[in-house]
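So you can see what is in the structure, the chains are spelled out below.
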Amino acid sequence: MSFLRIGTGSLLRLGCCHRAGPWPVAVSPRSGARPIVDMSHSRHFVDFHGSNIPSSMKKLVVTQLSPNFRQAVTLIANAPVPVPGDGELLVRNRFVGINASDINYSSGRYDISTKPPFDAGFEGIGEVVALGLSASKTYAVGQTVAYVQGGSFAEYTVIPAQLAVPVPLVKPEFLTLLISGTTAYISLKEMGQLSEGKKVLVTAAAGGTGQFAVQLAKKAKCYVIGTCSSHKKAGFLKSIGCDLPINYKTENIGSVLKSQFPDGLDVVYESVGGEMFDLSVNCLATKGCLIIIGFISGYQTSQGILPVKAGALPAVLLKKSASIHGFFLNHYLSEYKEAIMSLLKLYQKGELVCEVDYGDQSPEGRFTGLESIFRAVDYMYTGKNIGKIVVELPHPVNSKL
């Protein structure tokens, strides 16, 4: 699974709303202090429902590098609630997204110079509860935003206002678009060259990103095949337009593809790796294209990747005039704004299914609270989820919404 790099890189503002009303502004007389919208009562900020923002919160922190998320990450019970700077928003998280790359990040694979401790989590959605002076020109306390930013596995997260995506409601469906949806949209647009009649295979098709690859390929009038691991997932794939779901628990993928598509496939959208990668290469048609967005089968290993039959790869590709493309969302930030806005429009018009998995079918039930993120990551690697896995972070204010 691709993910958006956290740190100093930034996106263009994806849209904004005008302030709901005149908010009083106070600048501290202390030298070097950052201006914030005055939401203070004594030493606490006050949110838009009148409930004090606490001085401390829970959050998840990577305290040692390991692909074992439970070993790598520690729940901190009394971390200070951050204060937003001039161009920043303090967001009270209501839902956070789980990504396969969470354990790549906890392993330190994306930036070997990064040393623990550092905050975990990539994406969230919630309400703005405090904000900086310049941020208050375009955002207001009480506004709902989604975002991609490091440290989302926390009750409160500070984000640059320019990274916020205004959304009308606190719905986790919007969260599914931030990384999973944009990964599918941009990679297929840039590399897939989809057109009517092309045969497209999507691996892990019922997952968080696969569901969007299936639907976008169908919108391009392609014939779509999707791999999955259960009858229930096959049913879901049919419901979103997949022409041929293949349950690899009961069917041999290679045999099915060879018998039904002897001339091969035009596009393979691949996120599994290992043996599935080898099969994908072999089933490419002449001038076929393989798009790699991940290799989840190897993420939990010490090396992060399973071996593939790369020795014959040049000959296989040459014989077919075929190609392989890797896709990492970080490298396509210039395309992000258009992608997220297009996906939001499709969803709001009812033309895109954004399936969310709350963990209701997991052994211990729905993922609720930061403590359940550990279970949610484990659940992802059982391969049983349908759609994007999300974790709800309940707050006392929920009953007032």
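Quick caveat, the model's predicted, so the values are computed rather than measured.

Focus: the sheet that holds strand β15 (residues 244-247)
Part 1: Spatial ordering of the open sheet is given by β15-β14-β13-β16-β17-β18, a layout of 6 strands whose pairing is parallel. This sheet does not close on itself; its edge strands, each paired only once, are β15 and β18 (323-326). Across this sheet, the average inter-strand angle for adjacent strands is 15°, counted without regard to direction.
Part 2: Where strand β17 (residues 284-292) lies against β18, 4 bridges are found, and the strand directions are parallel. Bridging from a neighbouring strand, cysteine 289 pairs with serine 323 of β18.
Part 3: Set on the sheet, helix α4 (residues 210-219) makes contact with β13 (199-202), β14 (223-228) and β16 (265-270); between it and β13 the angle comes to about 170°.
Part 4: Helix α7 (residues 275-282) rests against β13, β16, β17 and β18 of the sheet, and its axis sits at about 150° to β17.

Digging into the sheet that holds strand β5 (residues 56-62)
Part 1: Taking strand neighbours across the sheet as the criterion, the 3 strands line up as β6-β5-β8 in an open arrangement whose pairing is antiparallel. Unpaired on one side and paired on the other, β6 (73-80) and β8 (118-119) mark the two borders of the sheet.
Part 2: Pairing of β5 with β6, which is carried by 6 bridges, proceeds in the antiparallel orientation. Bridge pairing in β6 links valine 61 to threonine 74.

Let's talk about the packing of aromatic side chains
Part 1: Per the stated rule, a full pass over the model turns up 10 aromatic pairs.
Part 2: A centroid spacing of 5.1 Å and a plane angle of 65° characterise the contact between tyrosine 105 and phenylalanine 118, whose relative ring orientation is edge-to-face. Note that tyrosine 105 is positioned in helix α2 (residues 102-106) and phenylalanine 118 in strand β8, a separation of 13 residues in sequence.
Part 3: Plain terms: the ring middles of phenylalanine 295 and tyrosine 299 are 5.3 Å apart, the flat faces sit at 75° to each other, and that makes the pair edge-to-face.
Part 4: Judged by its relative accessible area of 2%, tyrosine 299 is buried.
Part 5: Through a chain of ring-to-ring contacts, the aromatic side chains of Tyr105, Phe118 and Phe122 assemble into a single cluster.
Part 6: Stacked on the ring of tyrosine 358, the Lys or Arg arginine 366 has its end atom at 4.2 Å from the ring centre.

Each value, and the rule that gives it
Residues numbered from 1 in each chain as written. Predicted model: local features only at pLDDT ≥ 70, side-chain atom pairs only at ≥ 80, totals over all residues. Heavy atoms only, no water. Pairing = 2+ DSSP bridges. Helix = DSSP H or I, 4+ residues; strand = E, 2+ residues; numbered from the N terminus. Axes fitted to C-alpha atoms, helices over the stretch in contact; angles between N-to-C directions. Contact = heavy atoms within 4.5 Å. Phe/Tyr/Trp six-rings, centres within 6.5 Å; stacked < 30°, edge-to-face > 60°. Buried < 20%, exposed > 50% of the residue type's maximum accessible area, 1.4 Å probe, protein only. Lys NZ or Arg CZ within 6 Å of the ring centre and 35° of its normal.

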